[in-house]
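Each chain, written out:
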Amino acid sequence: MSGDSAHDDGTRGDTFAVGIHLTDAEFRFVVRVPSAIDSDWSDPEAFQSLVERLVWERLDRAAVLEAIDRTASVGDTVSLGTITLEPDGTVVDASLRDPSAE
């Protein structure tokens, strides 16, 4: 990949689908990684943490988790939408939904 994170189709960044998975014991923030990803994403834990931080900067974490707790069941994964990032952390696009607003 080139240094500007542009793909062959002209798009910038990589799009990650994000959600909350409910288990018996906890809420788990999940990131779905695309099969074709920029080679500059070299540390999976670092980009998962980055994605999570950027999502919670855009959504009210407490309100989202309370809404999920009221409406979802153990084993469900509630989609929060997608966020498109460049490896340097630049947000190219975000299409996030706040289930507490529904």
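A. Focus on the sheet that holds strand 1 (residues 14–22). The sheet built from four strands is open, its strands ordered 2-1-3-4 with antiparallel pairing. Of all strands in the sheet, those with a lone pairing partner are strand 2 (27–32) and strand 4 (91–96), marking the two edges. Going from strand to strand, the sheet's axes swing by 20° on average, the running direction of each strand aside. Where helix 1 (residues 44–58) meets the sheet, its contacts fall on strand 1, strand 2, strand 3 (77–85) and strand 4, and the angle it forms with strand 3 comes to roughly 100°.

B. Local environment of the confidence of the model for the protein chain. Per-residue confidence for the protein chain averages 86 on the pLDDT scale, and 88% of its residues sit at or above 70. Of the regions scoring below 50 in pLDDT, residues 1–5 engages in 11 contacts with residues more than four places distant in sequence or in other chains.

C. Just the pairing of strand 3, in detail. Across eight bridges, strand 1 lies against strand 3 in antiparallel orientation. Each residue of the ladder has a partner; that of Gly-19, found in strand 3, is Ser-79. Judged from the five bridges that link them, strand 3 and strand 4 form a sheet pairing that is antiparallel. Paired with Leu-85 across the two strands is Val-91, which belongs to strand 4. The antiparallel pairing of strand 3 with strand 4 creates a hairpin that spans five residues between the two strands, and Gly-89 there sits at a positive phi of about 95°.

D. How the structure looks around the pattern of salt bridges. Scanning all chains against the criterion turns up four salt bridges. A salt bridge links Glu-86 to Arg-12, with the shortest nitrogen-to-oxygen separation between them at 2.5 Å. Residue Glu-86 is located in the loop between strand 3 and strand 4, and its partner Arg-12 is located in the segment before strand 1; the two are separated by 74 residues in the primary sequence. Overall, the relative accessible area of 42% leaves Arg-12 in the partly exposed class. In this structure, the salt-bridge partner of Arg-28 is Glu-26, at a minimum N-O distance of 2.6 Å. Through salt bridges with shared partners, a single ionic network connects Arg-53, Glu-57 and Arg-58.

Cut-offs used in this document
- Residues numbered from 1 in each chain as written.
- Predicted model: local features only at pLDDT ≥ 70, side-chain atom pairs only at ≥ 80, totals over all residues.
- Heavy atoms only, no water.
- Pairing = 2+ DSSP bridges.
- Helix = DSSP H or I, 4+ residues; strand = E, 2+ residues; numbered from the N terminus.
- Axes fitted to C-alpha atoms, helices over the stretch in contact; angles between N-to-C directions.
- Contact = heavy atoms within 4.5 Å.
- pLDDT = per-residue confidence, 0-100.
- Salt bridge = Lys/Arg side-chain N within 4 Å of Asp/Glu carboxyl O.
- Buried < 20%, exposed > 50% of the residue type's maximum accessible area, 1.4 Å probe, protein only.

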